[in-house]
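Structure at a glance
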Amino acid sequence: MLTFSVIICTYNRCDLLKESLVSILSIMPDNGKYELIVIDNNSTDNTKETVRNFTNVRYVLEANQGLSYARNRAIKESQNTILLFLDDDIELNSNYFEICKALYSESDCNIVGGKVLPYKVQIPHWLAPEFYYLSSVFDLGNQPMDVSKVMGANYTMRKSVAVEVGGYNINLGRKGKNLAGGEEVEYLNRAKSKGYKINYEPNLVVYHKINEKLEQEYILSYAFQHGQSEVLVDLGMSKLRFSLKIVKALLVTAMTKMRIYRYSDLQKDMSAQIKSKYFSGYIKSALLIGHKF
């Protein structure tokens, strides 16, 4: 029998969390096959009180700071067969749970992610589509497909798969206000190495409240920290891949600073800045841990 654990890991965003819980509960079937768990990653705001106001939501405190710690705790605490990972600042499409049930009724479905679309806001024109993911938007089109990665704001898996793959790498992922990432990519790489396919389902949709993520300062900061995280992921995969990325990083950063790109409009100029920031973060981390290479 299919049963579902809906999981939200959160840190100091109780107002957005409340809105997300209302959205989820408004469409979540009340038939005993669903549980909703909030993993409080050591918040200092009113997160605990907010969750306790919902009688049908389970509150769990994870005092070890870091999203990877929170997700590992979620896997341990979950009691059902399918895990649905959602962010604390989302609204669900009305058919979300029906889509999940249909997907996992197929025996070969093990890991599925869907669209993460902006909620009532337009992506600014200066952000090139190739960098939409830095604003937490994920849209691969309208056809189901096998993919190499999905976005953590909206992805699902069988608990049996999560247990087999093991825990998220606690050296990766966000910790408090630090924007580092990479834990999802590293985790899914391990899942693929065990033979599991990762599916993209365009009808599995969440809407992401990303207003504060659409500032240039945020995007550049996230790009830099994402580059640093990717060093750890690449080193774990392949030293050849790591070496090639270092060469690319040096070339892109140098060309951007020398203005060889000669971009003439804001979108292209911002794209060049993001590339430079991303790869500068990559180089910085590579130098810091170069003794491991």
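That block above? That's the structure.
Conventions used here
Residues numbered from 1 in each chain as written. Predicted model: local features only at pLDDT ≥ 70, side-chain atom pairs only at ≥ 80, totals over all residues. Heavy atoms only, no water. Axes fitted to C-alpha atoms, helices over the stretch in contact; angles between N-to-C directions. Helix = DSSP H or I, 4+ residues; strand = E, 2+ residues; numbered from the N terminus. Parallel < 35°, antiparallel > 145°, perpendicular 65-115°, else oblique. Contact = heavy atoms within 4.5 Å. Nonpolar A, V, L, I, M, F, W, Y, C, P; charged D, E, K, R; others polar. Buried < 20%, exposed > 50% of the residue type's maximum accessible area, 1.4 Å probe, protein only. Pairing = 2+ DSSP bridges. Right-handed = clockwise from strand over helix to strand, strands pointing away. Expected span 1.5 Å × (residues − 1). Salt bridge = Lys/Arg side-chain N within 4 Å of Asp/Glu carboxyl O. Core = buried A, V, L, I, M, F, W, Y, C linked by side-chain atoms within 4.5 Å. Phe/Tyr/Trp six-rings, centres within 6.5 Å; stacked < 30°, edge-to-face > 60°. Lys NZ or Arg CZ within 6 Å of the ring centre and 35° of its normal. Disulfide = S-S within 2.5 Å.

1. Some points on the packing of helix α3 (residues 67–77) against helix α6 (residues 183–193)
For any two helices packed against each other, the geometry is given by the interaxial angle and the distance between the axes. Two elements in contact, α3 and α6, have axes separated by 11 Å at closest approach and are oriented at 45°. By the angle between their axes, α3 is oblique relative to α6. Only Glu183, Glu184 and Tyr187 of α6 make contact with α3, whose side of the interface consists of Leu67, Ser68, Arg71 and Ile75. Considering only residue class, the contact of α3 with α6 consists of three nonpolar, one polar and three charged.

2. Some details on the pairing of strand β1 (residues 4–10)
With seven of seven residues buried, β1 lies mostly within the body of the structure. Side chains Phe4, Val6, Ile8 and Thr10 of β1 all project onto a buried face; the interleaved residues Ser5, Ile7 and Cys9 project onto the opposite face, where all are buried too. Across seven bridges, the pairing between β1 and strand β2 (residues 34–40) is parallel. Within β2, the position partnered with Ser5 by the bridge is Glu35. Between the parallel pair β1 and β2, the chain is carried across by helix α1 (residues 14–27), and the sense of this crossover is right-handed.

3. Digging into α1
For α1, built from 14 residues, the straight-helix expectation of 20 Å at 1.5 Å per residue is met to within 8% by its first-to-last C-alpha distance of 21 Å. What α1 keeps buried is the set Cys14, Leu17, Ser20, Leu21, Ser23 and Ile24. Tucked into the core, α1 has its buried residues touching β1, β2, α2 (47–52), β4 (82–86), β5 (90–92) and α4 (96–104).

4. Focus on the pattern of salt bridges
Taken as a whole and assessed by the stated rule, the structure comprises 16 salt bridges. Glu183 is the salt-bridge partner of Arg71, the closest N and O atoms lying 2.8 Å from each other. Here Glu183 lies in helix α6 and Arg71 lies in helix α3, a separation of 112 residues in the sequence. Taken individually, Arg71 and Glu183 each receive the classification buried, so the pair is uniform in this respect. The shortest N-O distance in the salt bridge between Arg73 and Glu77 comes to 3.0 Å. One end of the pair, Arg73, and the other, Glu77, are both in helix α3, four residues apart, so they sit about a helical turn from each other. Taken together, the salt bridges that share partners define one network made up of Arg13, Asp88, Asp89, Glu212 and Lys213.

5. Some thoughts on the nonpolar core
Counting residues in hydrophobic clusters, the biggest one holds 59 residues, and the most contacted among them are Ile24, Leu86, Tyr96 and Phe97. Beyond its immediate chain neighbours, meaning those up to four positions away, Phe97 contacts Val6, Ile24, Ile27, Met28, Pro29, Tyr34, Leu84 and Leu92. If you look at the next biggest cluster of nonpolar residues, it comprises 25 residues, including Trp126, Leu214, Tyr218 and Phe279.

6. Focus on the packing of aromatic side chains
If you walk through the whole model with that rule in mind, you get nine aromatic pairs. For the ring pair Phe131 and Tyr133, a centre distance of 6.5 Å and an interplane angle of 40° mean the geometry is tilted. Accessibility expressed as a relative area gives 6% for Phe131, which makes it buried. Cluster of aromatic residues (ring-pair linked, three or more members): Phe4, Tyr34, Tyr96 and Phe97. Above the plane of the ring of Tyr168 lies Arg71, whose end atom (NZ or CZ) is 5.5 Å from the centre. The ring centre of Tyr119 lies 5.2 Å from the NZ or CZ of Lys209, which sits over that ring.

7. Looking at the pairing of strand β8 (residues 154–158)
A large share of β8 lies buried, amounting to five of its five residues. Burial of the side chains of β8 extends over both faces: Asn154, Thr156 and Arg158 are buried on one face and Tyr155 and Met157 on the other. With five bridges connecting them, β4 and β8 associate as antiparallel partners. Counterpart to Phe85 in the pairing with β8 is Tyr155. Relative to β8, strand β6 (residues 111–118) runs antiparallel, the two being bridged by three bridges. In the sheet register, Val112 faces β8, and the bridge partner there is Thr156.

8. What to know about the state of the cysteines
Inspection of every chain in the model, using the stated rule, returns zero disulfides. There is no disulfide at Cys14, and the cysteine sulfur nearest it, in Cys9, is 17 Å away. The exposure class of Cys14 is buried, given its relative accessible area of 12%. For the unlinked cysteine Cys100, the closest cysteine sulfur is that of Cys109, found at 8.8 Å.

9. Describing unusual backbone geometry
In the Ramachandran plot, Asn42 falls in the positive-phi region, its phi being about 70° despite a non-glycine side chain. With respect to the helices, strands and loops of the structure, Asn42 is situated in the loop between β2 and α2. For Asn42, a relative accessible area of 31% gives the class partly exposed. We note that Ser136 has phi near 65°; this positive angle belongs to a residue other than glycine. With respect to the helices and strands, Ser136 occurs in the loop between β6 and β7 (145–147).

Read these as layout, nothing more, since geometry by itself doesn't imply function.
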